[in-house]
Amino acid sequence: MYNLLKGKKGIILGALDSKSIAWKVAERAHEEGATFVLSNAPVALRLGTIAELAEKTGSEVIAADATSIMDLEDLVDGAMKILGGKIDFVLHSIGMSVNVRRGNHYTHQDYNFTKTGFDVSALSFHRLMSVLYQRDAMNEWGSVVALSYMAAQRVFPDYNDMADNKAYLESVARSFGYFFGRDKKVRVNTISQSPTPTTAGSGVKGFDGFIAYAEKMSPLGNATALECADYTISLFSDLTKKVTLQNLFHDGGFSNMGVSTAIMDDFMKDFKPETVEVIEEPKKAKK
């Protein structure tokens, strides 16, 4: 390809199977010359096929529960040992909602489940960066990227408490990103990706509808997982050294749309205007 990441070292968290955006990022990072460590929670390692990805990219896998500081410390220390030095890029591609899995409506959550989802999906990002920051594990002009979704800004009813988790994730990127940039010259950004048919996303009620609607609303159509990986690689590269604290929309233009002709055409097919009875005023008799 272009050797955009030649000589760079990284950590990629969250690759589950070949549908995962993190999986595509790992493949593209390998093609661009990077070396990296793969990581996911122990249960995800058992359920997924990450060993196949590790073999394909010549990477080692370190199991880490992102809700555990000790696990993340072991991950970062282990990655630096395996890779032979500090880290140049990190991808956080972790998210789950127990409420969504259990079918709990947003207005009637199990708050223990809410806390678990928040811990895994959002607080883990702060925890991960805290470990990287405290251990001085990132090279100058390194890049940390987390994946988000537009439900952080707009209402998608069935996205449930994941919308709140993504809103916090994006806030952490800005707040922690300030200190990481000021003190370590490290960039921190989130990518707000089009709805993407991944194994994790398929658990959201009506997700096929999200995808179909966004496809018709976006002038360029939905961005695929591979296209998101390409964009992520650009953020890991030296071509974007001064891009930080941003939530970057990678959605084919969806985020700036009000309505598209395709959506209006579909709407008008079923639209039946109300008939209004017009009552004429009686004509005045001629004198």
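Just above, that's the structure.
Heads up: these notes are all about the structure in this document. The shown structure was predicted, so the numbers you read here are calculated from the model rather than taken from an experiment.

Cut-offs used in this document
- Residues numbered from 1 in each chain as written.
- Predicted model: local features only at pLDDT ≥ 70, side-chain atom pairs only at ≥ 80, totals over all residues.
- Heavy atoms only, no water.
- Phe/Tyr/Trp six-rings, centres within 6.5 Å; stacked < 30°, edge-to-face > 60°.
- Buried < 20%, exposed > 50% of the residue type's maximum accessible area, 1.4 Å probe, protein only.
- Lys NZ or Arg CZ within 6 Å of the ring centre and 35° of its normal.
- Pairing = 2+ DSSP bridges.
- Helix = DSSP H or I, 4+ residues; strand = E, 2+ residues; numbered from the N terminus.
- Axes fitted to C-alpha atoms, helices over the stretch in contact; angles between N-to-C directions.
- Contact = heavy atoms within 4.5 Å.
- Expected span 1.5 Å × (residues − 1).
- Bend = angle between axes of the 7 residues up to and from the residue.
- Nonpolar A, V, L, I, M, F, W, Y, C, P; charged D, E, K, R; others polar.
- Core = buried A, V, L, I, M, F, W, Y, C linked by side-chain atoms within 4.5 Å.
- Lys, Arg positive; Asp, Glu negative; His and termini not counted.
- Salt bridge = Lys/Arg side-chain N within 4 Å of Asp/Glu carboxyl O.
- Polar contact = N/O pair within 3.5 Å; in protein donor to acceptor, adjacent residues only side chain to side chain.
- Right-handed = clockwise from strand over helix to strand, strands pointing away.

### Here's the deal with the packing of aromatic side chains
Within the structure shown, the criterion is met by eleven aromatic pairs. Ring centres 5.4 Å apart and planes at 50 degrees place the aromatic pair Tyr 149 and Phe 156 in the tilted group. The burial state of Tyr 149 is the same as that of Phe 156; both residues are buried. Plain terms: the ring middles of Tyr 178 and Phe 179 are 5.0 Å apart, the flat faces sit at 75 degrees to each other, and that makes the pair edge-to-face. Site record: aromatic cluster; members linked through ring pairs are Tyr 149, Phe 156, Tyr 159 and Phe 210. Above the face of the Tyr 133 ring, Lys 184 is positioned so that its terminal group lies 4.9 Å from the ring centre. When the ring centre of Trp 141 is taken as reference, the NZ or CZ atom of Lys 241 above it lies at 5.0 Å.

### Regarding the sheet that holds strand β1 (residues 9-13)
Backbone-to-backbone hydrogen bonds join strands into a sheet, with any given pair of strands oriented parallel or antiparallel. Taken together, seven strands build an open sheet; the order of strands is β3-β2-β1-β4-β5-β6-β7 and the sheet is parallel. The sheet terminates laterally at β3 (60-63) and β7 (247-250), the two strands that pair on one side only. Strand-to-strand twist of the sheet, defined as the mean angle between neighbouring strand axes without regard to direction, takes the value 20 degrees. With five bridges connecting them, β1 and strand β2 (residues 35-40) associate as parallel partners. By the bridge assignment for β2, Lys 9 is matched with Thr 35. Helix-sheet contacts for helix α7 (residues 162-184) involve β4 (87-92), β5 (138-148), β6 (187-193) and β7, and the interaxial angle to β5 is about 175 degrees.

### Focus: α7
For α7, spanning 23 residues, the distance from its first C-alpha to its last is 30 Å, which sits close to the expected 33 Å at 1.5 Å a residue. Maximal helix bending in α7 amounts to about 30 degrees, located at Gly 177. Along α7, the residues that are buried comprise Met 162, Ala 163, Asn 165, Lys 166, Leu 169, Glu 170, Val 172, Ala 173, Phe 176, Gly 177, Phe 180 and Lys 184. In this structure, the buried residues of α7 make contact with β4, α6 (111-134), β5, β6 and β7. Trailing α7 by a residue or two, Lys 185 shows a phi angle of about 60 degrees, which is positive.

### Quick word on the environment of Val 172
Looking at the element boundaries, Val 172 is found in helix α7. For Val 172, a relative accessible area of 4% translates into the label buried. Sequence separation of Val 172 and Ala 137 is 35 residues, and the distance between their C-alpha atoms is 19 Å. Not counting residues up to four positions away in its chain, the partners in contact with Val 172 are Phe 125, His 126, Met 129 and Gly 177.

### Topic: the packing of helix α8 (residues 207-217) against helix α10 (residues 261-270)
At a minimum axis distance of 7 Å, the contact between α8 and α10 shows a crossing angle of 115 degrees. On the side of α8, the interface is formed by Tyr 213, Lys 216 and Met 217, while α10 contributes Ala 262, Ile 263 and Asp 266. Grouping the constituent residues of the contact of α8 with α10 by class yields four nonpolar, no polar and two charged.

### Brief notes about the nonpolar core
By size, the foremost hydrophobic cluster in this structure holds 35 residues, and its most contacted members are Val 90, Phe 125 and Phe 180. Taken together, the elements giving at least two residues each to this core come down to β1, α4 (69-83), β4, α6, β5 and α7. In terms of residues, this core owes the most to one element, α6, which gives eight residues. Excluding anything up to four places from it in sequence, Phe 180 contacts Met 129, Leu 132, Tyr 133, Met 138, Lys 185, Val 186 and Val 188. Core analysis: the next-biggest nonpolar cluster, separate from the first, contains 27 residues, Ala 29, Ala 34, Leu 38 and Leu 53 among them.

### Details of the side chain of Asp 88
Relative to the helices and strands, Asp 88 is located in strand β4. One buried charged residue, Asp 88, forms no salt bridge at all, with the nearest opposite charge on Lys 9 at 4.2 Å. Within the local environment of Asp 88, its side chain forms a polar contact with the side chain of Asn 139, the two groups lying 2.9 Å apart. Leave out the neighbours within four places in its chain, and Asp 88 touches Gly 7, Lys 8, Lys 9, Met 138, Asn 139, Gly 142 and Ser 143.

### Observations concerning the pairing of β2
β2 sits mainly inside the fold: five of its six residues count as buried. In the classification by handedness, the crossover that spans β1, the intervening helix α1 (residues 21-31) and the parallel β2 is right-handed. By the bridge criterion, four bridges tie β2 to β3 in an arrangement that is parallel. Bridge pairing links Ser 39 to Ile 62 in β3.

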